[in-house]
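A closer look at the structure
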Amino acid sequence: MPPVLLIDDDPDIRVLVEMALRLHDIDTIACSQGMEGLKALETSIFSLVILDVMMPDMSGYEVLHTIATRFGTQAPPVAVFSARPPDALARELHGLPVACILPKPFEPDKLATIVEALIRK
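Here is what the cut-offs are and how they apply
Residues numbered from 1 in each chain as written. Predicted model: local features only at pLDDT ≥ 70, side-chain atom pairs only at ≥ 80, totals over all residues. Heavy atoms only, no water. Helix = DSSP H or I, 4+ residues; strand = E, 2+ residues; numbered from the N terminus. Expected span 1.5 Å × (residues − 1). Contact = heavy atoms within 4.5 Å. Polar contact = N/O pair within 3.5 Å; in protein donor to acceptor, adjacent residues only side chain to side chain. Buried < 20%, exposed > 50% of the residue type's maximum accessible area, 1.4 Å probe, protein only. Pairing = 2+ DSSP bridges. Right-handed = clockwise from strand over helix to strand, strands pointing away.

As for helix 1 (residues 11-22)
For an α-helix, the turn length of 3.6 residues means that residues three or four places apart are oriented alike. For helix 1, built from 12 residues, the straight-helix expectation of 16 Å at 1.5 Å per residue is met to within 8% by its first-to-last C-alpha distance of 16 Å. Packing partners of the buried residues in helix 1 comprise strand 1 (4-7), strand 2 (28-31), strand 3 (48-52), strand 4 (78-82) and helix 5 (108-120). A side-chain oxygen of the first residue of helix 1 lies 2.8 Å from the backbone nitrogen of aspartate 12; this N-cap is aspartate 10.

Structure representation (structure tokens):
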């Protein structure tokens, strides 16, 4: 199964997510910036993208829009990762291809269970 691509600027979050997913035998490639994540998508296949909304170089919204525009139906599913209230975030993401909203903070085992379900779809 292709790895999961994690795009998040917080190094602590990246380490925690990678460890949680590794414990569930889910390979993960982590990127700290939106442009870095987009470059990874151009050269590799991923089963899922976990995308932080608030990043300094490009917002998650910009990255998501670029993924949808550049890759269309060939894009992997995208789960948006945010500490923002899910209902407000859902309104902001309306019309964009989002598989799931993942809350921050998160429980590592619960996150891994959700990611497993998303990559099995």
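Observations concerning the pairing of strand 1
Going residue by residue along strand 1, you find Val4 and Leu6 tucked away on one face and Leu5 and Ile7 tucked away on the opposite face as well. Of the strand pairs in this sheet, strand 1 and strand 2 are connected by four bridges, and their pairing is parallel. When the sheet's bridge partners are listed, valine 4 is paired in strand 2 with threonine 28. What joins strand 1 to strand 2 is helix 1, and the crossover it makes is right-handed. As judged from the four bridges shared by strand 1 and strand 3, these two strands associate in the parallel manner. Bridge pairing in strand 3 links leucine 6 to isoleucine 50.

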